[in-house]
Amino acid sequence: MPVKEPLLEVQDVSVVFRNKKQAFAAVSGLSFQLEQGEILGIVGESGSGKTMASLSIMGLLPEQGFVDCGSIRYRGKELIGLSDREMCKIRGKEISMIFQEPIMSLDQVFTVGSQLTEAILTHEKIGRAEAKRRSLAMLRMVGIPSPERVFASYPFELSGGMCQRVMIAIALGCHPNLLIADEPTTALDVTVQAQIMDLLKKMRDQFNIGIILITHDLDVVKDMADRIIVMYGGNMMEVASREQLFANPSHPYTRGLLRSIPRLDTGNERLFNIEGTVPDIRNMPRGCHFCTRCWHAEETCHEKHPQMIEVEPGHYVSCHRAEVVQKEVPIP
Ligand SMILES: Nc1ncnc2c1ncn2[C@@H]1O[C@H](COP(=O)(O)OP(=O)(O)OP(=O)(O)O)[C@@H](O)[C@H]1O
Ligand SMILES: [Mg+2]
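Conventions used here
Residues numbered from 1 in each chain as written. Chains lettered and ligands numbered in written order. Predicted model: local features only at pLDDT ≥ 70, side-chain atom pairs only at ≥ 80, totals over all residues. Heavy atoms only, no water. Donors = N, O, S within 2.8 Å, 3.2 Å for Na, K, Ca; no water. Helix = DSSP H or I, 4+ residues; strand = E, 2+ residues; numbered from the N terminus. Buried < 20%, exposed > 50% of the residue type's maximum accessible area, 1.4 Å probe, protein only. 1 Å grid on protein atoms, 1.4 Å probe; cavity = no way out; pocket = protein on both sides within 12 Å on 5 of 7 lines; lining within 4 Å. Points joined across faces, edges and corners; volume = space filled by probe spheres on them. Nonpolar A, V, L, I, M, F, W, Y, C, P; charged D, E, K, R; others polar. Pairing = 2+ DSSP bridges. Axes fitted to C-alpha atoms, helices over the stretch in contact; angles between N-to-C directions. Contact = heavy atoms within 4.5 Å.

(A) Region of interest: the coordination of the magnesium ion (ligand 2). Bound to the magnesium ion (ligand 2) on the protein side are Thr51 (OG1) and Gln100 (OE1), at distances that span 1.9 to 2.1 Å. Note that threonine 51 is positioned in helix H1 (residues 50–58) and glutamine 100 in the loop between strand S6 (95–98) and helix H3 (112–123), a separation of 49 residues in sequence. A relative accessible area of 21% places threonine 51 in the partly exposed class.

(B) Region of the structure containing unusual backbone geometry. Its identity as a non-glycine residue notwithstanding, glutamate 183 has a phi of 45°, on the positive side. In this structure, asparagine 208 takes a positive phi of about 55° despite not being glycine. Residue position: asparagine 208 is located in the loop between helix H7 (190–207) and strand S8 (210–215). Look at asparagine 208 and you get partly exposed, because its relative accessible area is 41%.

(C) Spotlight on empty space enclosed by the protein. Scanning the entire structure with this criterion turns up 2 cavities of 30 Å³ or more. Volume-wise, the largest cavity comes out at about 70 Å³. Around the largest cavity, the lining residues are His251, Pro252, Cys288, Phe290, Cys291, Cys294, His296, Cys301, Pro306, Cys319, His320 and Arg321. Considered class by class, the residues forming the lining of the largest cavity number 8 nonpolar, 3 polar and 1 charged. Roughly 30 Å³ of internal volume is contained in the second largest cavity. Lining of the second largest cavity is provided by Leu172, His175, Pro176, Phe207 and Ile209. Tallied by class, residues from the lining of the second largest cavity come to 4 nonpolar, 1 polar and no charged.

(D) Expanded view of the sheet that holds strand S11 (residues 309–312). Across the sheet, which stays open at both edges, the 8 strands sit in the order S6-S7-S8-S3-S9-S10-S12-S11 with mixed pairing between neighbours. Two strands in the sheet have a free side with no partner beyond their single neighbour: S6 and S11. Geometrically, the sheet is characterised by an average inter-axis angle of 20° between neighbouring strands, direction not taken into account. Two strands pair when backbone bridges link them, and S6 and strand S7 (residues 178–182) are joined in this way by 4 bridges, in the parallel orientation. Residue pairing for S7: isoleucine 95 is matched across the bridge by leucine 178. Where H1 meets the sheet, its contacts fall on strand S3 (39–43), S6, S7 and S8, and the angle it forms with S6 comes to roughly 150°.

(E) Local environment of the sheet that holds strand S5 (residues 77–78). An order of S2-S1-S4-S5 is seen for the 4 strands of this open sheet, with the pairing classed as antiparallel. The outermost strands of the open sheet, each flanked by one partner alone, are strand S2 (23–34) and S5. The strands that H1 touches are strand S1 (8–18), S2 and strand S4 (65–74); relative to S1, the one it contacts most, it runs at about 110°.

(F) Spatial organisation of the layout of surface pockets. Each pocket or cavity is described by its volume, and for the second largest pocket that value is around 620 Å³. Every residue lining the second largest pocket is counted, 25 residues in all, and those nearest its centre are Gly92, Met97, Phe99, Ala119 and Ile170. Among the secondary structure elements, those contributing two or more residues to the lining of the second largest pocket are S6, H3 and helix H6 (160–172). Per element, the largest residue contribution to the lining of the second largest pocket is 6 residues, and it comes from H3. In terms of residue class, the lining of the second largest pocket is made up of 15 nonpolar, 7 polar and 3 charged.

(G) The pairing of strand S10 (residues 235–241), seen in detail. With 7 of its 7 residues buried, S10 lies for the most part within the structure. Summarising the sheet, strand S9 (residues 227–232) and S10 pair through 6 bridges and their orientation is antiparallel. Note on S10: the bridge partner recorded for arginine 227 is serine 241. From the end of S9 to the start of S10, which pair antiparallel, there are 2 residues, and glycine 233 there has a positive phi angle of about 50°. The pairing of S10 with strand S12 (residues 315–317) spans 2 bridges and is classified as antiparallel. In the strand pairing of S12, glutamate 238 is matched with valine 317.

What follows is the structure, encoded as structure tokens:
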């Protein structure tokens, strides 16, 4: 029997920005696989390359940015190098994205209904009445109690949580197989955040879609993701199943992030913040990108870029000192 293709296969992708003065990699060596029905969490601080990684999959990198090397295959089909026309057929229909930037999301001058039906009509050969019927069904499905009213509303008339549901409805309007959600709940309060996460999980269960969930907060992916990638300075630091990552975090950066999770029991602020700041992406250290903030760093870490090593089946870490790190006092 032929081996089934993964839903998405990203191999050694680098995203480079180039202008007259300089060139720098915002993402390098990005590799992962995503299966149908799987949720992959991508976690990292601001500037770690999460958005550029997802825009490279969508073929929507900003001007001056390009995929310098690597391969992005969707169901076995190479996406890098596809023409705009071919990519348009895939975007929205096969792969959808909930954008981090509001400017790329809802248009304030059109009603929710017109944006939703247009999104469906772009890809489906159906009449307007049928598109409206489907739009209302989508709004109902994402938990909007009065779909007719929201259909006729403008985005500015709705709450943040409601707008987020509308964006999910638009993203899922053509029943894509893969959804990329870039920080879908950052601007929302905690209760609404939990509702949106529940909704994404429900959509995965119902339609068996693959989801890439991007966040800077490990807490968000703790109950959601099947696998997690931890990124820092454009590099993958650690990749593991959710269980492995929380039971056996093997990169100092992951450990730092885990200790930053707010303690619910005491109501304290973040327990631990990693000291220092992320270096400028244009001026990253030669060796491990995290070495300037790492309490385990030795000379090698400053000199040599660490390779990914497998510390247990399916659990990879890019750290010269992973063995020592794993022996650190476990996280409470
Ligand atoms: N249009 C651009 N031109 C040049 N550099 C850019 C551009 N857009 C992003 N970058 C750089 O690429 C790097 C990665 O940015 P990216 O937006 O992917 O980070 P992120 O992990 O999504 O951060 P955040 O959590 O703040 O959304 C950053 O250092 C940023 O400065
Ligand atoms: Mg981002």
